[in-house]
Amino acid sequence: MLSPVGVTSLYVAAARAYETEYRQGLFVDTYARSFAGDKGFALFSDLRAFSPGLSANAPHPGISIRTRFFDDALLMAVHELSLKQVVLVAAGMDARAFRLPWMDDVQLFEVDRQEIFQYKEPILLNLNARAKCVRKVVVTDLEQDWATALTNNGFDRHKPAAFLFEGLMFYLKPATVATVLETLQSLACPGSWLGMDFVEAELLNSPYAQPFLSKLRKLGCPWLFGVSNPEQFILQYGWQPRQPKIVVLGEAEANYGRWSSSVSSTTSSVFNHYLVSARRMNF
Ligand SMILES: C[S@@+](CC[C@H](N)C(=O)[O-])C[C@H]1O[C@@H](n2cnc3c(N)ncnc32)[C@H](O)[C@@H]1O
């Protein structure tokens, strides 16, 4: 039985399944439909009410763009910085271990709660899924000592790594965001890369967004955190933007021809959603 925030990972999987089945899909995730299950598609259909310009099974432009942006940015960082460790923090139903072209010696750590892996691992087994890297499952909670859980599973904090936090930060309390980023400072040595997305802080208090936010509260997975200036925010934790830097979802670098007038009436198109690609500063 998944918690409400756990179910959001099935919702993202449903969105990726629709993208995979779309004519001009931005990526192929053949695992997404199995991960989403009835629950993921039901939540997707429930939340579609907040995207009135889109038909029931049209992909979610924001999630599709975000996924493709981080596919590209992550692979580019691993290649250019010669990284051998990848950490997907709050991995949920992320299938990148199985669908991206890794070098054999890349170790990819999926970090999430036990409930997620209790759900995910049997599905992967059933699909006979084979990771294209050395995949490691790290069962922990980000409100606990996740750094020790990660190092106990073989992560080497003296070697640079790529860390991806996708679709997570808005679900965390501001105090948890701060401790998670402080912990990250202790794990990421110079040369490391960070991918992360944030919503704009102003969205959380906007009357325009209240119907959507109140729906999330009712579902038990409220949005709790946003930033006004993502560059300044990550700098205080020792990260500086790197190509493709910090972009707003829908801008030229994060558009892929898919952010059009059909999504102009959705909540997410009115407020900035920041996609961050950053490099650990030397200290
Ligand atoms: C919207 S899903 C995103 C999953 C994945 N990053 C993706 O993009 O497919 C949010 C994920 O955050 C995880 N999560 C939320 N709070 C967490 C916590 N305190 N510790 C560990 N994982 C957490 C949930 O279990 C869920 O898998």
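A brief report on the enclosed structure follows.

Thresholds, definitions, all that
- Residues numbered from 1 in each chain as written.
- Predicted model: local features only at pLDDT ≥ 70, side-chain atom pairs only at ≥ 80, totals over all residues.
- Heavy atoms only, no water.
- Near = heavy atom within 4 Å.
- Polar contact = N/O pair within 3.5 Å; in protein donor to acceptor, adjacent residues only side chain to side chain.
- Areas by Shrake-Rupley, 256 points an atom, 1.4 Å probe, with all protein chains shown as cover.
- Helix = DSSP H or I, 4+ residues; strand = E, 2+ residues; numbered from the N terminus.
- Nonpolar A, V, L, I, M, F, W, Y, C, P; charged D, E, K, R; others polar.
- Phe/Tyr/Trp six-rings, centres within 6.5 Å; stacked < 30°, edge-to-face > 60°.
- Lys NZ or Arg CZ within 6 Å of the ring centre and 35° of its normal.
- Axes fitted to C-alpha atoms, helices over the stretch in contact; angles between N-to-C directions.
- Parallel < 35°, antiparallel > 145°, perpendicular 65-115°, else oblique.
- Contact = heavy atoms within 4.5 Å.
- Buried < 20%, exposed > 50% of the residue type's maximum accessible area, 1.4 Å probe, protein only.
- Pairing = 2+ DSSP bridges.
- 1 Å grid on protein atoms, 1.4 Å probe; cavity = no way out; pocket = protein on both sides within 12 Å on 5 of 7 lines; lining within 4 Å.
- Points joined across faces, edges and corners; volume = space filled by probe spheres on them.
- Salt bridge = Lys/Arg side-chain N within 4 Å of Asp/Glu carboxyl O.

1. Considering the site of the ligand
Close to the ligand lie 21 residues, the nearest being Arg16, Ala90, Asp112, Leu142 and Glu166. Alanine 90 is positioned such that a nitrogen or oxygen atom in its backbone is 2.8 Å from a nitrogen atom of the ligand. Between a nitrogen atom of the ligand and a main-chain N or O atom of leucine 142, the distance comes to 2.9 Å. With the chains in place, 98% of the 600 Å² that the ligand exposes on its own is no longer accessible. In terms of residue count, helix α1 (residues 4-20) provides more of the shell around the ligand than any other element does, five residues in total. When its residues are assigned to classes, the shell around the ligand shows nine nonpolar, four polar and eight charged.

2. What about the packing of aromatic side chains?
All chains considered together, the criterion is met by 16 aromatic pairs. Taken together, a centroid distance of 5.5 Å and an interplanar angle of 70° make the contact between phenylalanine 50 and phenylalanine 212 edge-to-face. Of the two residues, phenylalanine 50 sits in the loop between α2 (32-47) and α3 (61-80) while phenylalanine 212 sits in helix α8 (residues 210-219), which places them 162 residues apart along the sequence. Above the plane of the ring of tryptophan 239 lies arginine 280, whose end atom (NZ or CZ) is 5.5 Å from the centre.

3. What about the packing of α1 against α2?
Taken N-terminus to C-terminus, the directions of α1 and α2 make an angle of 100°; their axes are 6 Å apart at the nearest point. One element, α1, and the other, α2, form an angle in the roughly perpendicular class. Residues Val7, Thr8, Leu10, Tyr11, Ala13, Ala14, Ala15, Arg16, Ala17 and Tyr18 of α1 lie in contact with α2, whose contacting residues are Ala32, Arg33, Phe35, Ala36, Lys39, Gly40, Phe41, Leu43, Phe44 and Leu47. Residue composition of the contact of α1 with α2, by class: 15 nonpolar, two polar and three charged.

4. Topic: the pairing of strand β1 (residues 85-89)
Most of β1 is tucked away, with five of its five residues classed as buried. Both faces of β1 are covered, namely the face carrying Gln85, Val87 and Val89 and the face carrying Val86 and Leu88. One ladder, built from four bridges, connects β1 with strand β4 (residues 162-165); its direction is parallel. From the neighbouring strand, valine 86 faces β4, where its bridge partner is alanine 162.

5. Details of the layout of surface pockets
Reported here for the second largest pocket is a volume of approximately 160 Å³. Counted by class, the lining of the second largest pocket contains seven nonpolar, two polar and one charged residues.

6. Some thoughts on the pattern of salt bridges
This model, assessed by the stated rule, comprises 21 salt bridges. Between arginine 135 and glutamate 121 there is a salt bridge whose closest N-O contact spans 2.8 Å. Here glutamate 121 lies in helix α5 (residues 114-126) and arginine 135 lies in strand β3 (residues 134-139), a separation of 14 residues in the sequence. Owing to a relative accessible area of 26%, glutamate 121 belongs among the partly exposed residues under this scheme. Via salt bridges that share partners, Arg16, Asp29, Arg66, Asp71, Asp94, Arg96, Arg99, Glu166 and Asp197 belong to a single interconnected network.

Read these as layout, nothing more, since geometry by itself doesn't imply function.
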